[in-house]
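Working through the structure, step by step
Below are the chains, spelled out letter by letter.
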Amino acid sequence: MPKMKTNRGAAKRFKASGSGKIMRRKAFTSHILTKKSTKRKRGLRLATEVDASNLRTVKKLLPYL
């Protein structure tokens, strides 16, 4: 059986943490930052875990993660 292909777009967006959880970056960080509070922007810097409802989809896109 041939190797499975990794979705390259997903590979650039998701990383595995040390404990094996799939991590993602938060949205709304690229522009129109003047109206967002400092506290909100600081929170957006942190990576977060992929939600359970999306986990199956992400795992299909990244078979070797």
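Use the structure listed above.
Okay, so let's go over this structure. (Residues numbered from 1 in each chain as written. Predicted model: local features only at pLDDT ≥ 70, side-chain atom pairs only at ≥ 80, totals over all residues. Heavy atoms only, no water.)

Here we take up the overall build of the chain. When its secondary structure is counted, the chain shows three helices and three strands. Overall, the chain shows an N-to-C arrangement of helices and strands of α-β-β-α-β-α. Rg of the C-alpha trace for the chain: 15 Å, well past the compact-globule value of 11 Å for 65 residues, more than 25% over. Principal axes of the C-alpha set define a box for the chain whose edges measure 55 × 25 × 20 Å. Taken over 65 residues, the chain has a buried fraction of 14%. Restricting the contact set of the chain to residue pairs at least 6 apart, pairs at least 24 apart contribute 61%. With an accessible surface of roughly 5,800 Å², the chain has 55% of that area assigned to carbon and sulfur atoms. (Helix = DSSP H or I, 4+ residues; strand = E, 2+ residues; numbered from the N terminus. Rg over C-alpha atoms; globule rule 2.2 N^0.38 Å. Buried < 20%, exposed > 50% of the residue type's maximum accessible area, 1.4 Å probe, protein only. Contact = heavy atoms within 4.5 Å. Areas by Shrake-Rupley, 256 points an atom, 1.4 Å probe, with all protein chains shown as cover.)

So, about the sheet that holds strand 3 (residues 48-49). Read across the open sheet, the three strands follow the order 1-2-3; overall the sheet is antiparallel. Each end of this open sheet is capped by a strand with a single partner; those strands are strand 1 (14-16) and strand 3. Where strand 2 (residues 22-24) lies against strand 3, two bridges are found, and the strand directions are antiparallel. What sits directly across from R24, in strand 3, is T48. (Pairing = 2+ DSSP bridges.)

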